[in-house]
Amino acid sequence: MTAVARRARGVTSGAGRLAAALLSPTFVVLALVVGYPLVAALRESVFQEGTDLDESGFVVEGSRFVGLDNYVSIFVGEAATRFWNAFGNTTLFTVITVALEVLIGVGMALVMHHALRWRGIVRASILVPWAVPTAVSALLWRWIFQADGVANAIIGQQVLWTTEGWQAKVAVILADVWKTAPFVGLLVLAGLQIIPNDVYEAARVDGASPWRQFWQITLPLVKPALLVAVLFRVLDALRMFDLPFVLVGSRKDSVETLSMVAFDEASSLRFGPAAAYATVLFLYVAVTALVFVRLLGADVIGAARERTRK
């Protein structure tokens, strides 16, 4: 090994040690905030609290090891119906709300970006719903969806929005889209502001229509910011809890999500099944994030490598 190679290797190892030292506080915080609760939940999911009889017929109280029984009972048995209903509601809310939020959020971003007069007021008014806490937003929409509320006054019919049925799903979707579409618009606005105006001027000189400019210039260039917004919203929607809980209520089959099922089990002091539900939800979120990043991030990595080669 030459002196130059040894010197380069020493510089690299020194930089690696410095990076590890600087990042070590972050790793410690993540281990305490994320790692320990995750390990504790996994451990709790293989135990079960309560009173039971042992092999000799004596009463045994407290925690007892049950292995994977809590997970098996989620997918097979009486609890399976409730789980699959909550799983379907969670997936349905995620797909519909994120799709609507992307469409509305992109429109909001375009309005905020092109607003010439009263730009600050326009942006502030659009972002107000996102700044409202979710529980407060749910209470506001609960008043709107009352029997004598604004929603029934507009449509001219008496619909019981906060009871079992399709109307409860619609109420949750409308309330969630109203609150979080501005978040998507905010991230897309950040992507729009880094697009140079020269690109649009050249497109107008070439005779491109506004619709063609949007599809061939705006949307491709804002795609990275839009993907980040969609990823954040998908992960957040999969963990939806407070909005349907406050707006409609607990133990409602029409709007019950996986987070609500886990909370209900924990409230009933069934900590083992609650931890199992939480673990299943964690795996669902993790797999969704991994698939999302791998499928939508592969082309970005490949394009970056292609530019590096050139």
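These figures come from a predicted structure and were not determined experimentally.

(A) Geometry of a nonpolar patch on the surface. Together, L23, F27, V28, V29, L30, L32, V33 and V34 make up an exposed nonpolar region whose accessible area comes to about 760 Å². By secondary structure assignment, the location of F27 is in helix α1 (residues 3-44).

(B) Summary view of the environment of I173. Along the chain, I173 turns up in helix α7 (residues 166-192). Considering only alpha carbons, one finds I173 and P244, 71 residues apart in sequence, at a separation of 9.3 Å. If sequence neighbours within four positions are ignored, I173 has contacts with F93, I96, T97 and L100.

(C) Quick peek at the pattern of salt bridges. Tallying each qualifying case throughout the model produces 9 salt bridges. Residues R251 and D264 are paired through a salt bridge, measuring 2.5 Å at the closest nitrogen-oxygen approach. Of this pair, R251 sits in the loop between α10 (242-247) and α11 (258-267) while D264 sits in helix α11, placing them 13 residues apart in sequence. Overall, the relative accessible area of 51% leaves R251 in the exposed class. The exposure class of D264 is buried, given its relative accessible area of 13%.

(D) Region of the structure containing α7. With 27 residues, α7 ought to run about 39 Å at 1.5 Å a step, and its terminal C-alpha atoms sit 37 Å apart, in line with that. The sharpest bend along α7 reaches about 35° and sits at W178, with the proline P182 one to four residues further on. Within α7, 19 of the 27 residues are buried, which leaves the element mostly enclosed by the surrounding structure.

(E) Broad picture of the packing of aromatic side chains. Here the structure, examined in full by the defined rule, presents 17 aromatic pairs. Plain terms: the ring middles of W130 and F183 are 5.5 Å apart, the flat faces sit at 40° to each other, and that makes the pair tilted. Of this pair, W130 sits in helix α4 (residues 119-131) while F183 sits in helix α7; the two residues are 53 residues apart in sequence, bridging distant segments of the chain. The exposure class assigned to W130 is partly exposed, which follows from its relative accessible area of 36%. On the basis of relative accessible area, F183 is assigned to the buried category, the value being 15%. Between the aromatic rings of F241 and F245, the centroid separation amounts to 5.1 Å while the plane-to-plane angle is 25°, which identifies the pairing as stacked. What makes F245 partly exposed here is its relative accessible area of 29%. Here the basic side chain of R43 rests over the ring of F47, its NZ or CZ set 4.6 Å away from the ring centre.

(F) Here's a closer look at the nonpolar core. Among the nonpolar cores identified, the biggest contains 39 residues, and V188, L226 and V230 are the most heavily contacted of them. Taken together, the elements giving at least two residues each to this core come down to α2 (69-75), α3 (78-114), α7, α8 (197-205), α9 (210-238), α11 and α12 (271-309). Examining the composition of this core, we find that 11 residues originate from one element, α9, more than from any other. Those residues in contact with L226, other than ones at most four positions away along the chain, are V102, V106, V184, V188 and L219. A138, I173, M240 and L243 belong to the second-largest nonpolar core, a separate cluster that totals 20 residues.

(G) Quick look at the packing of α3 against α4. Where α3 contacts α4, the axes come no closer than 9 Å and their chain directions differ by 160°. In terms of their interaxial angle, α3 and α4 are classed as roughly antiparallel. Where α3 crosses over α4, the two elements pack in a sense that is left-handed. Mapping the contact onto sequence places M108, V111, M112 and H113 in α3 and R119, V122, R123 and I126 in α4. The class makeup of the residues in the contact of α3 with α4 is 5 nonpolar, 1 polar and 2 charged.

The rules behind each value
Residue numbering note: each chain is counted from 1, following its sequence as written. A pLDDT threshold of at least 70 governs which residues receive local features in this predicted model, and a stricter bar of 80 or more applies before side-chain atom pairs are shown or counted, although totals over entire chains, interfaces and linings include all residues. Excluded from the side-chain calculations are hydrogens and water; all other atoms, namely the structure's heavy atoms, are used. The residues that make up patches have over 30% relative accessible area and no salt bridge, and they are joined within 9 Å when like-charged or within 5 Å when they are Val, Leu, Ile, Met, Phe, Trp or Tyr. We get accessible surface area from the Shrake-Rupley algorithm with a probe of 1.4 Å; when it comes to residues, only the shown protein chains can shield them. Throughout this description, the term salt bridge denotes a Lys or Arg side-chain nitrogen within 4 Å of a carboxyl oxygen of Asp or Glu. Numbering of helices and strands runs from the N terminus, with a helix taken as a DSSP run of H or I at least four residues long and a strand as a DSSP run of E at least two residues long. Only heavy atoms enter the contact rule, under which two residues are in contact if any of them lie within 4.5 Å. Each residue gets one of three labels from its accessible area relative to the maximum for its type: buried under 20%, exposed over 50%, partly exposed in between, using a 1.4 Å probe on protein chains only. Take the number of residues in a helix, subtract one, and multiply by 1.5 Å to get its expected span. What is called the bend at a residue is the angle between a pair of axes, fitted to the seven residues leading up to and ending at it and to the seven starting from it. Note on aromatic pairs: the rings of Phe, Tyr and Trp (six-membered ring only in Trp) are paired at centre separations within 6.5 Å, and the planes decide the class, stacked below 30 degrees, edge-to-face beyond 60, tilted for the rest. Placement of a positive charge over a ring is assigned whenever Lys NZ or Arg CZ falls within 6 Å of the ring centre and within 35 degrees of the normal to the ring plane. Each nonpolar core is a collection of buried residues, namely Ala, Val, Leu, Ile, Met, Phe, Trp, Tyr and Cys, held together in the definition by side-chain atoms within 4.5 Å. The convention used is that axes are lines fitted to C-alpha atoms, helices contributing only their stretch in contact, and that angles between N-to-C directions extend from 0 to 180 degrees. The scheme is simple: roughly parallel for angles under 35 degrees, roughly antiparallel for over 145, roughly perpendicular for 65 to 115, oblique for anything else. In a left-handed crossing the near helix is turned counterclockwise from the far helix by less than a right angle, and in a right-handed crossing that turn is clockwise. Only Asp, Glu, Lys and Arg are considered charged, only Ala, Val, Leu, Ile, Met, Phe, Trp, Tyr, Cys and Pro nonpolar, and every remaining residue, Gly among them, polar.

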